[in-house]
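Understanding the architecture of this molecule
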Amino acid sequence: MLTFEEKQQIIATIPELTRKDVSMKRVNYHYEESLYEKTVVVQHLHPNGNGFIYVAGIPGYDADERGLVNIREASEEELRKIIADSIKALSEGAPEPQAIVQKFVNNEGEELILMEEQGFWNLYHGLNLEESFGDYNEADVYLIEEEFVRVEDEDDAR
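Cut-offs and rules
- Each residue is numbered by its place in its chain's sequence as written, counting from 1.
- In keeping with the predicted nature of the model, local features appear solely for residues at pLDDT of at least 70, side-chain atom pairs appear and are counted solely at 80 or more, and the whole-chain, interface and lining totals rest on all residues.
- The side-chain figures draw on all heavy atoms in the structure; neither hydrogens nor water molecules are used.
- Across the chain, each position has a pLDDT score giving the predictor's confidence in that residue, from 0 to 100.
- The contact criterion used is simple: two residues touch if any of their non-hydrogen atoms lie within 4.5 Å.
- Secondary structure counts use DSSP, requiring at least four H or I residues in a row for a helix and at least two E residues in a row for a strand, with both numbered from the N terminus.
- What makes two strands pair is DSSP finding at least two bridges between them.
- Axes, fitted as lines to C-alpha atoms, cover a helix only where it is in contact. Angles between the N-to-C directions of the axes lie from 0 to 180 degrees.

Another aspect to go through is the confidence of the model for the protein. Per-residue pLDDT for the protein has a mean of 90; in total, 92% of the residues score no lower than 70. Note that residues 154-158 has pLDDT below 50 and, in this model, 12 contacts with residues that lie over four places away or in other chains.

Turning our attention to unusual backbone geometry. With a phi close to 55°, methionine 24 is a non-glycine residue in the positive phi region. Tracing the backbone through its elements, the reader meets methionine 24 in the loop between β1 (17-21) and β2 (27-31).

The five strands lie next to each other as β1-β2-β3-β4-β5, forming an open sheet whose pairing is antiparallel. Edge positions in the sheet fall to β1 and β5 (68-70), since each of these pairs with one other strand and no more. Sheet twist, expressed as the average angle between the axes of neighbouring strands with direction ignored, equals 20°. Where strand β4 (residues 52-54) meets β5, three bridges bridge the pair, whose relative direction is antiparallel. Each residue of the ladder has a partner; that of isoleucine 53, found in β5, is valine 69. Contacts between helix α1 (residues 4-12) and the sheet are confined to β1, β2 and β3 (40-45), with β3 contributing the most and set at about 165° to the helix.

Reading across from one edge, β9-β8-β7-β6-β10 is the order of the five strands in this open sheet, with antiparallel pairing throughout. Edge positions in the sheet fall to β9 (128-133) and β10 (149-151), since each of these pairs with one other strand and no more. On average, adjacent strands in this sheet sit at an angle of 35° to one another, irrespective of strand direction. Taken together, the five bridges between strand β8 (residues 120-125) and β9 define a ladder with antiparallel strand orientation. Within the sheet, the bridge partner assigned to histidine 125 lies in β9 and is asparagine 128. Most of the contacts of helix α3 (residues 136-145) go to β9, to which it runs at about 120°, and overall it touches β6 (101-105), β7 (111-117), β8 and β9.

Below you can see the structure in the form of structure tokens.
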């Protein structure tokens with residue numbers, strides 16, 4: 001087990017983190033560039049060697065209900081990896097939702113594109129908005145009535 005001093009020395013080599021002393025001789029380390037309200041990466045590093053790292057939502061970690069993993073028994077390599085993973089998670093924005101795009105064609109070769117946009121299902125003929133629907137089922141009924149069938153295309157986003 002690394003000592004309190006050894007853990008501090010390792011963490012001090014990570015330039016993205018800012019040290020902040022807290023009560024009972026404990027230390028927190030913040031990632032000030034976090035894209036989220038959460039900035040504490042290392043929480044309550046204690047002179048007895050105990051401490052926590054924020055890993056909420058990061059696969060491969062058994063975090064508690066606060067999103068923290070205990071680092072009391074962490075090796076130097078483990079400590080560096082957990083901190084790097086935490087900083088990476090706090091520095092990446094939430095992934096952009098992928099638009100749902102489906103192509104439909106009728107017997108005459110006319111193509112329509114159905115896209116989910118801001119909670120609506122919009123049907124386009126080229127760049128022109130053909131129809132807009134409140135849900136997918138409404139759009140589906142319309143396309144069936146107009147005798148359009150879905151085209152499976154590798155370029156379709158799903």
